[in-house]
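# Close look at the chain arrangement
This is what each chain is made of:
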Amino acid sequence: MTGLTHLGEDGAARMVDVGGKAATHRVAVASGRITMSDSALTAIRAGDAPKGDVLGTARIAGIMAAKRTGDLIPLCHPLGLEAITVDFAFEDDAITATATASLTGKTGIEMEAMVAVSTALLTIYDMAKAIDKGMVIGAVRLIEKRGGKSGHWKAADQ
């Protein structure tokens, strides 16, 4: 009908059949950021947030979410991740989260990396909202992907 892989001939949504595809090593890197007040940044950096270890908890939340991506995004295949990391970097007015996911499989892993980043950022918000309810989550995006039929892709500004 449209050439879109998630639509059947009748226009109905469907999960793509990856059964005939070759398994390849695949890696996806995603990032996003949460801007916040100086007081929230200071508390998180010092480990003094009211709910405890913000970044440690956000890292675990991101990893757990990546493992459940197929349950969260309707047409995603459930994947057996081989590795997922979630890292953080402090900026002047924000924290950047970066997730790297990998596996050997028949379909991409981009959504797992982006779900990990999104969930980690939402967890930061939840754990620091007592300090700053005006935090803003944004710029969640794919930075790089490797493997599969389309090969290596990297964001132009990277």
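We now turn to the structure provided with this report. (Residues numbered from 1 in each chain as written. Predicted model: local features only at pLDDT ≥ 70, side-chain atom pairs only at ≥ 80, totals over all residues. Heavy atoms only, no water.)

## A look at the overall build of the chain
The secondary structure content of the chain amounts to four helices and five strands. Counting only C-alpha atoms and orienting by the principal axes, one finds that the chain spans roughly 55 × 30 × 30 Å. Expressed as a percentage of the 158 residues in the chain, the buried residues total 38%. For the chain, long-range pairs separated by at least 24 residues make up 69% of all intrachain contacts whose partners lie at least 6 apart in sequence. As displayed, the chain offers around 8,400 Å² of accessible surface, 56% of which is attributable to carbon and sulfur atoms. Distance between charge centroids for the chain: 5 Å, based on 17 positive and 18 negative side chains. (Helix = DSSP H or I, 4+ residues; strand = E, 2+ residues; numbered from the N terminus. Buried < 20%, exposed > 50% of the residue type's maximum accessible area, 1.4 Å probe, protein only. Contact = heavy atoms within 4.5 Å. Areas by Shrake-Rupley, 256 points an atom, 1.4 Å probe, with all protein chains shown as cover. Lys, Arg positive; Asp, Glu negative; His and termini not counted. Charge placed at Lys NZ, Arg CZ, Asp CG, Glu CD.)

## Quick look at the pattern of salt bridges
All chains considered together, the criterion is met by seven salt bridges. Arginine 33 serves as the salt-bridge partner of aspartate 93, at 3.4 Å between the closest nitrogen and oxygen. A residue pair is termed long-range when its members are at least 10 positions apart, and aspartate 93 in the loop between β2 (83–90) and β3 (94–105) and arginine 33 in strand β1 (residues 24–35) qualify at 60 residues. Assessed through its relative accessible area of 25%, arginine 33 is described here as partly exposed. (Salt bridge = Lys/Arg side-chain N within 4 Å of Asp/Glu carboxyl O.)

## Regarding the packing of aromatic side chains
Applying the stated criterion to the full structure yields zero aromatic pairs. Sitting above the plane of the phenylalanine 90 ring, arginine 45 keeps its charged end 4.2 Å from the centroid. (Phe/Tyr/Trp six-rings, centres within 6.5 Å; stacked < 30°, edge-to-face > 60°. Lys NZ or Arg CZ within 6 Å of the ring centre and 35° of its normal.)

## Points about the sheet that holds strand β4 (residues 136–146)
In space, the five strands of this open sheet follow the order β2-β3-β1-β4-β5, with antiparallel pairing throughout. Looking at which strands have only one partner, the edges of the open sheet turn out to be β2 and β5 (153–154). Two elements, β1 and β4, share eight bridges in a ladder whose sense is antiparallel. If you follow valine 27 over to β4, its bridge partner there is arginine 146. Strands β2 and β3 of the sheet are contacted by helix α2 (residues 54–67), whose axis makes an angle of about 145 degrees with β2. (Pairing = 2+ DSSP bridges. Axes fitted to C-alpha atoms, helices over the stretch in contact; angles between N-to-C directions.)

## So, the pairing of β2
Bridge analysis of β2 against β3 gives eight bridges, and the strand direction is antiparallel. Directly across from phenylalanine 88, in β3, lies its bridge partner alanine 97. Between the antiparallel neighbours β2 and β3 lie three residues.

## Regarding the nonpolar core
Counting residues in each nonpolar core, the largest one holds 31 residues, and the members touching the most others are Met36, Ile44, Phe88, Ile95 and Ile124. Breaking this core down by element, the ones donating at least two residues are β1, α1 (38–46), α2, β2, β3 and α4 (110–128). No other element matches the eight residues that α4 contributes to this core. In contact with isoleucine 95, other than residues within four places in its own chain, are Gly32, Arg33, Ile34, Met36, Leu41, Ile44, Leu55, Phe88, Ala89, Phe90, Leu121 and Ile124. (Core = buried A, V, L, I, M, F, W, Y, C linked by side-chain atoms within 4.5 Å.)

## Brief notes about the environment of alanine 130
Checked against the element boundaries, alanine 130 lands in the loop between α4 and β4. According to the relative accessible area criterion, alanine 130 is exposed, its value standing at 57%. Along the chain, alanine 130 and proline 50 lie 80 residues apart, while their C-alpha atoms are 7.4 Å from each other.

## What to know about α2
An ideal rise of 1.5 Å per residue puts 20 Å on 14 residues; α2 measures up with 20 Å between its terminal C-alpha atoms. Against the buried residues of α2 lie α1, α3 (69–72), β2, β3 and α4. Capping the start of α2 is the job of one residue whose side-chain oxygen sits 2.9 Å from the backbone nitrogen of glycine 56: aspartate 53. (Expected span 1.5 Å × (residues − 1). Polar contact = N/O pair within 3.5 Å; in protein donor to acceptor, adjacent residues only side chain to side chain.)

## Some points on a nonpolar patch on the surface
On the surface, a cluster of nonpolar side chains totalling about 220 Å² of accessible area is made up of Leu122, Ile137 and Val140. Following the sequence through the fold, isoleucine 137 ends up in strand β4. The partly exposed category is assigned to isoleucine 137, whose relative accessible area is 32%. (Patch = residues over 30% accessible without salt bridge, like charges linked within 9 Å, V, L, I, M, F, W, Y side chains within 5 Å.)

Purely geometric numbers; function is a separate question.
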